[in-house]
Amino acid sequence: MGLHSSTHFDPILVADIGGTNARFALITGFDESSNQFTIEHNHTFPSANYGSLESATEYYLSTVSHITPKRACLAVAGPINAGQVHLTNLGWHFSVNDFKHHFDLAQLSVINDFAAFAYAAPYLDPSQNVTVKPGQADESANIGVMGPGTGFGAACLVRTAHSCAVMSSEGGHISLAAVNQLDAQLIQELKKDHPHVSVETVFSGPGIAHLYKAMAAVKGVAAKNLDAAQISSLANSGECEVCDATLDQFCDWIGSVAGDLALAYGALGGLYIGGGILPRMQARLLESRFIERFSQKGIMSQYTGQIPVTLVTQDNIPLIGAAACLHTSQQD
């Protein structure tokens, strides 16, 4: 295995297809000593410039015409059902089989962006990311990944002695639990607008505004019509006490959610947090009660206490995950 990976590596076409941008790259090698993939010819295009995924891919391959990849893995921000992929925001739709034949690929995998995050987890570079909670990772145990962004995503890298696989989940739609009295008051307010208060109701871009509105009601203050960016700005400038309390609560409460998911996934290999929101709240997250709330799990507090939590700020996660998805399947 060691020899094979250092002497010959068939290039992998990888892509991160989002509603705004399509990123493509070629993975041209894997270094076992550093556990890092070599990512080359990394190009990003506005997705809207192309009418289909095929035309965007054709354009990218024309820029690297000296290399013809025979294997590919695409990470997509959308559902994959029975080999059909819908990219809702773009109106792109494609069949995995048609795409494979069109580009004459021997191997093609299409995974969603959180599955890619889970595959990427063992290959992340510790020096590029932030330790939120120190701990002792079990190298052979499951790893959990989660993150608030446009919505809330969660997945688990399931590891056994012989292989690993990703379990995708709808962890963002589990009911949000109250741990203390403030949580309970906030849930009571949130229920007035949201019959099902899920994790995503609060932990997402729109969720910050939902939490602010509930916080204002609990504090007996009239809520203004603010979005997440305005709430962050007013909280950080010290102009709005309710906004400040909202972001503190966001960072504290997500500790409890992360602890719940770590328990559900058996994530003794570590929990990784990604998504677009928390990296921008890094200082506040590190000063919050995240660690305390993550570990506060009754008779299982010792279990959660040993799990390290990392805030992922490294770039190219979906590309690394796409590479790892194929690389991992080759190793088994």
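As a starting point, this report considers the structure included with it. (Residues numbered from 1 in each chain as written. Predicted model: local features only at pLDDT ≥ 70, side-chain atom pairs only at ≥ 80, totals over all residues. Heavy atoms only, no water.)

## What about the pattern of salt bridges?
Tallied over the full model, the rule gives 10 salt bridges. Among the salt bridges present, the one from glutamate 292 reaches arginine 289, with a minimum N-O distance of 2.9 Å. For arginine 289, a relative accessible area of 36% gives the class partly exposed. A network of salt bridges, in which partner residues are shared, links Asp16, Arg23 and Asp315. (Salt bridge = Lys/Arg side-chain N within 4 Å of Asp/Glu carboxyl O. Buried < 20%, exposed > 50% of the residue type's maximum accessible area, 1.4 Å probe, protein only.)

## Observations regarding the nonpolar core
One finds Met146, Phe152, Phe203, Phe250, Leu271, Leu278 and Phe290 to be the most contacted residues of the largest nonpolar core, which totals 50 residues. At 13 residues, helix α9 (residues 241-265) tops the list of elements feeding residues into this core. Setting aside chain neighbours within four positions, we find phenylalanine 290 in contact with Val132, Cys251, Asp252, Ile254, Gly255, Ala258, Ile273, Leu285 and Val309. Of all hydrophobic cores here, the second largest spans 34 residues; its members include Phe30, Ala116, Ala118 and Ala323. (Core = buried A, V, L, I, M, F, W, Y, C linked by side-chain atoms within 4.5 Å. Helix = DSSP H or I, 4+ residues; strand = E, 2+ residues; numbered from the N terminus. Contact = heavy atoms within 4.5 Å.)

## Remarks on the pairing of strand β11 (residues 152-159)
Within a regular beta strand, the side chains point alternately toward one face of the sheet and then the other, so they alternate between its two faces. Most of β11 is tucked away: 7 of the 8 residues are buried. Bridge count between strand β10 (residues 143-148) and β11: 6 bridges; the pairing is antiparallel. What sits directly across from methionine 146, in β11, is alanine 154. Where β10 hands over to β11, the hairpin turn is made up of 3 residues, counted between the paired strands. As judged from the 5 bridges shared by β11 and strand β12 (residues 164-168), these two strands associate in the antiparallel manner. Within β12, the position partnered with alanine 155 by the bridge is serine 168. Linking β11 to β12, which pair antiparallel, is a turn of 4 residues. (Pairing = 2+ DSSP bridges.)

## What to know about the packing of helix α7 (residues 205-219) against α9
The contact between α7 and α9 brings their axes to 9 Å, and the two run at 115°. For the crossing formed where α7 meets α9, the hand is right-handed. In this structure, α7 contributes Ile208, Leu211, Tyr212, Met215, Ala216 and Lys219 to the contact, and α9 contributes Val242, Cys243, Ala245, Thr246, Leu247, Gln249, Phe250 and Trp253. Across the contact of α7 with α9, the residue classes break down as 11 nonpolar, 2 polar and 1 charged. (Axes fitted to C-alpha atoms, helices over the stretch in contact; angles between N-to-C directions. Left-handed = near helix turned anticlockwise from the far one by under 90°. Nonpolar A, V, L, I, M, F, W, Y, C, P; charged D, E, K, R; others polar.)

## A word on the side chain of threonine 310
Note on placement: threonine 310 falls in strand β14 (residues 309-311). A relative accessible area of 15% places threonine 310 in the buried class. Not counting residues up to four positions away in its chain, the partners in contact with threonine 310 are Asn129, Val130, Val132, Leu271, Tyr272 and Ile273.

## Quick word on the packing of aromatic side chains
Overall, the coordinates contain 14 aromatic pairs when judged by the stated rule. When the centroid spacing of 5.9 Å and the interplanar angle of 45° are considered together, the rings of phenylalanine 24 and phenylalanine 45 count as tilted. Remark: phenylalanine 45 occurs in strand β3 (residues 36-46) and phenylalanine 24 occurs in strand β2 (residues 21-31); sequence separation between them is 21 residues. Side by side, phenylalanine 24 and phenylalanine 45 carry an identical accessibility label, which is buried. The rings of Phe24, Phe45, Tyr50, Tyr59 and Tyr60 are connected pair by pair, giving a single aromatic cluster. The cationic tip of arginine 71 hangs over the ring face of phenylalanine 9; the distance from NZ or CZ to the ring centre is 5.0 Å. (Phe/Tyr/Trp six-rings, centres within 6.5 Å; stacked < 30°, edge-to-face > 60°. Lys NZ or Arg CZ within 6 Å of the ring centre and 35° of its normal.)

## What to know about the packing of helix α8 (residues 228-236) against α9
Running from N to C, α8 and α9 cross one another at 105°; their axes reach a closest spacing of 8 Å. Overall, the two elements α8 and α9 adopt an arrangement that is roughly perpendicular. Here Ile231, Ser232, Leu234 and Ala235 of α8 lie close against α9, whose contacting residues are Cys243, Asp244, Thr246 and Leu247. For the contact of α8 with α9, the residue count by class is 5 nonpolar, 2 polar and 1 charged. (Parallel < 35°, antiparallel > 145°, perpendicular 65-115°, else oblique.)

## Here's the deal with the sheet that holds β10
Strand order across the open sheet formed by 6 strands is β9-β14-β13-β10-β11-β12, with mixed pairing between neighbours. Strands with a single pairing partner mark the edges of an open sheet, and in this sheet they are β9 (130-133) and β12. The sheet shows a mean angle of 25° between the axes of neighbouring strands, taken without regard to direction. Contacting β10, β11, β12 and β13 (271-273), helix α4 (residues 113-120) crosses the sheet at an angle of about 40° to β11. Where α9 meets the sheet, its contacts fall on β10, β11, β12 and β13, and the angle it forms with β11 comes to roughly 35°.

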